[in-house]
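Spelled out from the first residue to the last, the chains are:
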Amino acid sequence: MADGGSGAASRSGPPTAWIGTSWKMTKTLAQARAFSGALVDVPWAAGLQPFVIPPATAIATVAELLPPGGPVLVGAQDAHWEDEGPWTGEVSVPQVKDAGARLLEIGHSERRAHFGETDERVNLKVQAALRHGLLPLVCVGEDAGQRAAGSAVDVVSAQVRAALDGVPDHAQVLLAYEPVWAIGASGTPAEPEDIAEVVASIVAVGQGRPVLYGGSVALDNATGLIDVAGVDGLFVGRAAWDAADFVALAEIVAQRST
Ligand code: PGA
């Protein structure tokens, strides 16, 4: 857990398993409140670290119900690498922290594909998150062409290496393996055997940092994916946007890995 970060892990030492969701560009404040309210009294398994990543508009609302220091970490989907300045439309790490975020998602494939998120920027954002005591969650993954060409391990290893460039060995960083071809409504869910080799390479390059898997994770495939060696948690989009489903996924992860 990030030093000076959430304090969430103080319940029982460092987390042994992770379950999280990013809402991407969904949910009104009322919907954010309803989801967060449904998590308030959940008896989370010891060792399981749940996290929720709302859109920037809803971070403060979610953090009112799931405050820093509580059992559920709240995150931001992105933040700029500079602390402040003339960057119209952006939000900074200190700003999302002020709103209640303790985790920062960085380098999601949708941002890499549509918003010019380069490996260099990913690295700057990792450094910015660590500077302010937020836990970086770095997303990596190859696209379909790279997989077909047999270069998934090379591509993903290079992304991890770049993200961690200059980052001290002791710094806590979460790594999420999200193959681009598996993400979203048009994605193809991965089979456990599709991901094992890449996960192992991330564990190696990431020097044992926690590795989450994401991309079309759902209630019916979560068990097989969390059981892959080296996978410490699941990072879920669509299938976790209902609070009851998020809790059900959390139970699967807890049963298999805490
Ligand atoms: P999905 O999204 O679960 O809806 O495929 C995953 C992600 O983008 O992290």
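Use the structure listed above.
Cut-offs and rules
- Residues numbered from 1 in each chain as written.
- Predicted model: local features only at pLDDT ≥ 70, side-chain atom pairs only at ≥ 80, totals over all residues.
- Heavy atoms only, no water.
- Core = buried A, V, L, I, M, F, W, Y, C linked by side-chain atoms within 4.5 Å.
- Buried < 20%, exposed > 50% of the residue type's maximum accessible area, 1.4 Å probe, protein only.
- Helix = DSSP H or I, 4+ residues; strand = E, 2+ residues; numbered from the N terminus.
- Contact = heavy atoms within 4.5 Å.
- Salt bridge = Lys/Arg side-chain N within 4 Å of Asp/Glu carboxyl O.
- Near = heavy atom within 4 Å.
- Polar contact = N/O pair within 3.5 Å; in protein donor to acceptor, adjacent residues only side chain to side chain.
- Areas by Shrake-Rupley, 256 points an atom, 1.4 Å probe, with all protein chains shown as cover.
- Nonpolar A, V, L, I, M, F, W, Y, C, P; charged D, E, K, R; others polar.
- Pairing = 2+ DSSP bridges.
- Axes fitted to C-alpha atoms, helices over the stretch in contact; angles between N-to-C directions.

## Topic: the nonpolar core
And step 1. In this structure, I19, L39, W44, I195, I202, Y213 and L234 are the most contacted members of the largest nonpolar core, which totals 68 residues.
And step 2. Per element, the largest residue contribution to this core is 8 residues, and it comes from helix α10 (residues 243-257).
And step 3. Not counting the four nearest positions on each side in its chain, I202 is found in contact with V140, V156, V160, L175, Y177, Q207 and V211.
And step 4. Within the second largest apolar cluster, 12 residues are counted, among which are I53, L103, L174 and L212.

## Regarding the pattern of salt bridges
And step 1. Here the structure, examined in full by the defined rule, presents 8 salt bridges.
And step 2. Residues R111 and D78 are paired through a salt bridge, measuring 3.3 Å at the closest nitrogen-oxygen approach. One end of the pair, R111, is in helix α4 (residues 109-114); the other, D78, is in the loop between β3 (73-76) and α3 (93-99), with 33 residues separating them in the sequence.
And step 3. Note on R111: relative accessible area 21%, which makes it partly exposed.
And step 4. Given a relative accessible area of 14%, D78 falls into the buried group.
And step 5. We note a salt bridge from R131 to D83, for which the minimum N-O separation is 3.2 Å. Within this pair, whereas R131 is found in helix α5 (residues 119-131), its partner D83 is found in the loop between β3 and α3, the two being separated by 48 residues in sequence.
And step 6. D83 sits in the partly exposed class, given a relative accessible area of 32%.

## A closer look at the site of the ligand
And step 1. Around the ligand sit K24, H108, E178, I183, G184, G215, S216, G237 and R238, and those are all the residues in its vicinity.
And step 2. Take K24: an N or O atom from its side chain is 2.7 Å from an oxygen atom of the ligand.
And step 3. Between the ligand and E178, the relevant distance is 2.7 Å, taken from an oxygen atom to a side-chain nitrogen or oxygen of the residue.
And step 4. Expressed as a share of its isolated accessible area of 280 Å², the protein-covered part of the ligand is 99%.
And step 5. Of the residues that constitute the shell around the ligand, the class distribution is 1 nonpolar, 5 polar and 3 charged.

## What to know about the environment of W87
And step 1. Relative to the assigned elements, W87 resides in the loop between β3 and α3.
And step 2. Overall, W87 belongs to the partly exposed group, its relative accessible area being 38%.
And step 3. In this structure, W87 is in contact with H80, W81 and E82, ignoring residues within four places of it in sequence.

## A few points about the sheet that holds strand β6 (residues 174-177)
And step 1. The 8 strands are arranged β1-β2-β3-β4-β5-β6-β7-β8 in a closed barrel whose pairing can be described as parallel. Each adjacent strand pair in this sheet contributes to an overall mean axis angle of 25°, direction not counted.
And step 2. Across 2 bridges, the pairing between β3 and strand β4 (residues 103-106) is parallel. Among the inter-strand pairings, G75 is bridged to a residue of β4, identified as L103.
And step 3. Sheet strands touched by helix α7 (residues 152-163): β5 (135-140) and β6. Its angle to β5, the strand with the most contacts, is close to 155°.

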